[in-house]
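Per-entry structural report
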Amino acid sequence: NGNIALLEYKDIKLIKELLELDQQHVFQSWPPPGEADDDKRRLLEQVRFLDANYSGGLAAYIGSAKRLLEESRTGKNTFEGCVPSVPEGERLDFGGPAFREYERAGAEEAGSAAFVLVAGGLGERLGYSGIKLALPADLARGACFLQLYVESILALQARAAPDAQLPLAIMTSGDTHARTEALLAEHANFGMAPGQITLLKQEKVACLADGDAHLALEKGDAYAVQTKPHGHGDVHALLHASGLLKQWLARGTRWVCFFQDTNALVFRALPAALGVSARHGYDMNSLAVPRKAKEAIGGIAALRRPDGSSLTINVEYNLLDPLLRANGYPDGDVNDETGQSPFPGNINQLVLKVESYAEALGRTGGVIAEFVNPKYADASKTVFKSATRLECMMQDFPYELPATARVGFTTVNQVWAAYSPVKNSPADARAKVAAGNPSHSATAGELDIYQANCRTLQQLGASIAEPTPREFNGLHLDLWPRVSWSPLFAITFDDVEAKVNAARLRIAADSALVITGAGVRLEALDLDGALVVAASPGAHVTVDGLVLKNAGWKWQALNPGKPMTEEQAIRGFLVCKRETLRLDFDKAGRYTFPESSEPATSNGSAAAKELATA
Ligand code: UGB
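First, a word on scope: everything that follows refers to the structure included in this document. (Residues numbered from 1 in each chain as written. Predicted model: local features only at pLDDT ≥ 70, side-chain atom pairs only at ≥ 80, totals over all residues. Heavy atoms only, no water.)

Let us now look at the pairing of strand E11 (residues 255–259). Where a strand is regular, its side chains alternate between the two sheet faces. The element E11 is largely enclosed, with a buried count of 5 among its 5 residues. Here E11 shows a buried face lined by Trp255, Cys257 and Phe259 and a second buried face lined by Val256 and Phe258. In this sheet, E11 lies alongside strand E3 (residues 113–118) in parallel orientation, the contact comprising 5 bridges. Bridge assignment links Phe115 to a residue of E11, and that residue is Cys257. Note that E11 and strand E15 (residues 341–353) share 4 bridges and pair antiparallel. Within E15, the position partnered with Val256 by the bridge is Leu352. (Buried < 20%, exposed > 50% of the residue type's maximum accessible area, 1.4 Å probe, protein only. Helix = DSSP H or I, 4+ residues; strand = E, 2+ residues; numbered from the N terminus. Pairing = 2+ DSSP bridges.)

Let's shift gears to the sheet that holds strand E25 (residues 512–516). Note: strands within a sheet are paired through backbone hydrogen bonds, in either parallel or antiparallel orientation. One open sheet accounts for 4 strands, arranged E23-E25-E27-E31; its pairing is parallel. The sheet is open, and its two edges are formed by strand E23 (482–485) and strand E31 (581–585), each paired on a single side. Here the strands of the sheet are splayed against their neighbours by 5° on average, with no regard to which way each runs. With 4 bridges connecting them, E23 and E25 associate as parallel partners. Its bridge partner being in E25, Val483 is matched across the sheet by Leu513. (Axes fitted to C-alpha atoms, helices over the stretch in contact; angles between N-to-C directions.)

Now for the packing of aromatic side chains. Scanning all chains against the criterion turns up 20 aromatic pairs. Their ring planes at 35° and their centres at 6.3 Å tell us that Phe145 and Tyr149 sit as a pair that is tilted. Of this pair, Phe145 and Tyr149 both sit in helix H6 (residues 145–157), 4 residues apart, which is roughly one turn of that helix. Residue classification places Phe145 among the buried residues on the basis of a relative accessible area of 2%. The class of Tyr149 is buried, set by a relative accessible area of 1%. (Phe/Tyr/Trp six-rings, centres within 6.5 Å; stacked < 30°, edge-to-face > 60°.)

Residues in close proximity to the ligand total 18 residues, the closest being Val118, Gly120, Gln202, Asp261 and Tyr419. Against a free-state accessible area of 700 Å², the protein chains account for coverage of 80% of the ligand. Of the residues contributing to the shell around the ligand, the split by class is 5 nonpolar, 9 polar and 4 charged. (Near = heavy atom within 4 Å. Areas by Shrake-Rupley, 256 points an atom, 1.4 Å probe, with all protein chains shown as cover. Nonpolar A, V, L, I, M, F, W, Y, C, P; charged D, E, K, R; others polar.)

With 16 residues, helix H3 (residues 37–52) should reach 22 Å at 1.5 Å per residue; the first-to-last C-alpha distance of 22 Å fits that figure. Looking at H3, one finds that the buried residues are Asp37, Lys40, Leu43, Leu44, Val47 and Leu50. Viewed end-on, H3 has its buried residues packed into an arc of 145°, placing them on one side of the element. Exposed side chains of H3 directed beyond 90 degrees from the buried face belong to Asp38 and Ala52. (Expected span 1.5 Å × (residues − 1). Arc of directions from axis to C-beta.)

Turning our attention to the packing of helix H8 (residues 234–241) against helix H12 (residues 354–364). Relative orientation of the contacting elements H8 and H12 amounts to 90°, with a least axis distance of 10 Å. As the angle between them shows, H8 and H12 are arranged roughly perpendicular. Across from His236, Leu239 and His240 in H8, the residues of H12 making contact are Tyr357, Leu361 and Gly362. Residue composition of the contact of H8 with H12, by class: 3 nonpolar, 3 polar and no charged. (Parallel < 35°, antiparallel > 145°, perpendicular 65-115°, else oblique. Contact = heavy atoms within 4.5 Å.)

Structure (structure tokens):
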């Protein structure tokens, strides 16, 4: 019963397929032909869309759902019989000799890399209404995350072949697509060439109403299937289905680097991880973080499976501890002599070898290991509290690699140097810290940029004032001098060393230094205040012998009674720019500042004027 008045062949075919998939409930309450035909067509249109957007179509989706729901009902443990051990990898000290050697090798490898940014998530957990890519990474420079990422890739590109264009793919979702597109359009792709960036939009998948994988219809609309996000693992299917991965392979790309939407520090460590991948020939390399035992972050573990094969994979922390206890580690996941768990923490920053990646996706159609997480209404495990769906995570890719594949990790021992994502609202951040975890807040995300830059300069021999302890949004953090530079100025330690004469650089407490542009060099600078040096392409400026003291910029804790922007509220501070020396070189040419080779003392406004006339 219940057909549409004038059914087309494609509709009949689709209805037949759904009936074969045991989905007759979808049509059960349909009125006779001629009634609600538009609604019926709307439903069929949506089903057709869901079918087309999943590799293997709805038949494959429902097939996997039936299997996974049954495994969930019977309580199957994926890691049953697996014996865990610490995987192979490199643990590097930020800026140490091994780090710099790998970074050098990786910066060269980057010339044959492609980059993938997963940015389908919204900032609800953060308390930010915009897309996270538009959020300023720090308030000193004010560049947003997307600009920072694009500039990092352009900085790596600048050292590759003259005509090289390193591709960037951005995974968006219905929540973020239009705003990501608009952000790129507004800023002319932040300097990337037309066509260099590809947006891949992820779609939601069908929800399931019960353990038999019946499609869940919307409450209050019998002509619409409920849908929910499928997870960041979609990125693999999209790279496959779009043909992008094949194109990259054909043009000689050797590595694909994945990263998340709000980690400003990722490119501090990614070149070194690329170097590690190249040296060890890793098919997959996880750029990971040191992790305290039992910390609420997945641990990367090597597993020997009951059939003797091995698999190196992220094991969620709640599964890692019992797995270890069941396998000869009576205390489970515990810290070793370094004070950290020997199992590094997964942060979804991955380097994959294109050859084996493309081969695996060709075989699987891009669908990687899925899971289902129904919330059962009672112990019978037959009824759900609300509709569920299949999900997938990008870090589960190794399930699709052959047993001979090499999977390893790269950690940077100093957590502040490589990973400080902006994920949690101030209240959630405080709770994380109370539980002994990093806050992953907008406050720490910004302050860690200054810390990483100051410590880099210190390691190279510069005299940088020690940080001041401060409290923002109830978080106790160290505030270093606010040093922020564009990746176009420097991305590797070697770059910083080449652009800064560290022996003649002194930065006093509470100072701010912002550098944009590739052509800036600091030969001799004594800074006690705020200085901005900006050089447009083709402009080469050497700051040589500048002694600057001005009132500078203050990072002020927010007064809860006063109006504030969302960007300020999630950080807990605002920046009061009292006095600045701004050196802007917007025409090609070679400049030295101050012009005299004698050390010059200037106060901000006079020097700015001096420059304007120059
Ligand atoms: N993302 C998408 O692009 N699409 C999606 O459907 C979902 C997310 P979250 P999550 O680094 O601490 C991950 O939400 O999923 C993007 C790892 O699984 O910030 O809670 C989104 O835009 C976990 O093992 O993280 O946890 C963002 O860029 C651990 O590594 C990225 O995916 C954790 O990150 C991550 O999304 C972590």
